[in-house]
Amino acid sequence: MNQNAAQKRALGKYGEELACIFLKDNGYTIVERNYRFHHKEIDIIARDLNKLVVVEVKTRSKNPYFGGAWSMTRQKIANVTSAGYAYAQMHAPNDGVRFDSIICQENKDGSFSITHEKDAFCAPWRVY
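**A short note on the state of the cysteines**
Point 1. All told, the structure shown has zero disulfides when counted by the stated rule.
Point 2. No disulfide involves Cys104; its nearest neighbouring cysteine sulfur is the one of Cys20, lying 9.7 Å away.
Point 3. Its relative accessible area of 0% is what places Cys104 among the buried residues.

Below, the structure is given as structure tokens:
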């Protein structure tokens, strides 16, 4: 892994840690992190009262042009929702599931801003 890839990976892990702290501070319980279902990964699985919450975290360094929401592609959403529904069927079949996103954006001073969007996405419709 080259240095640039290692830096991106470290930044992503840091963003996931910030997201977990944010969720805990807002009353969520963290159930799992980096859950894998086949080749798909869910960054954070949490509980908000009696609802299972699947959270996709995007972390961005100082970049005035594109935020983390730009990287939420249709394929990424399809992967996260299919893994999330599979997790819910296995571990919480009677609970609802919600798909949230958290964007961790680095500010010019090195601090991070966190944007939490509840019900950010759902399983995409197939287009024929």
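**Regarding the pairing of strand S5 (residues 112–117)**
Point 1. Pairing of strand S4 (residues 97–106) with S5 involves six bridges; the strand directions are antiparallel. Counted as the bridge partner of Cys104 is Ile114 from S5.
Point 2. Hairpin connection of S4 to S5: five residues between the antiparallel strands, including Gly110 at a positive phi of 95°.

**Describing the sheet that holds S5**
Point 1. Taken together, five strands build an open sheet; the order of strands is S1-S2-S3-S4-S5 and the sheet is mixed. At either margin of the open sheet sits one strand with a lone partner, and together these are strand S1 (29–37) and S5. When the angles between neighbouring strand axes are averaged without regard to direction, this sheet yields 30°.
Point 2. Taken together, the nine bridges between strand S3 (residues 51–60) and S4 define a ladder with parallel strand orientation. Across the sheet, the residue bridging to Leu52 is Val97, located in S4.
Point 3. The strands touched by helix H2 (residues 74–91) are S1, strand S2 (40–48), S3 and S4; relative to S2, the strand with the most contacts, the crossing angle is about 55°.

**A look at unusual backbone geometry**
Point 1. A positive phi is found at Asn34, a non-glycine position, where the angle reads about 50°.
Point 2. Its location among the elements puts Asn34 in strand S1.
Point 3. Judged by relative accessible area, which is 25%, Asn34 ranks as partly exposed.
Point 4. A positive phi angle, close to 55°, is found at His38, a residue other than glycine.
Point 5. Inspection of the secondary structure puts His38 in the loop between S1 and S2.
Point 6. With a relative accessible area of 65%, His38 lands in the exposed category.

About the criteria used
- Residues numbered from 1 in each chain as written.
- Predicted model: local features only at pLDDT ≥ 70, side-chain atom pairs only at ≥ 80, totals over all residues.
- Heavy atoms only, no water.
- Disulfide = S-S within 2.5 Å.
- Buried < 20%, exposed > 50% of the residue type's maximum accessible area, 1.4 Å probe, protein only.
- Pairing = 2+ DSSP bridges.
- Helix = DSSP H or I, 4+ residues; strand = E, 2+ residues; numbered from the N terminus.
- Axes fitted to C-alpha atoms, helices over the stretch in contact; angles between N-to-C directions.
- Contact = heavy atoms within 4.5 Å.

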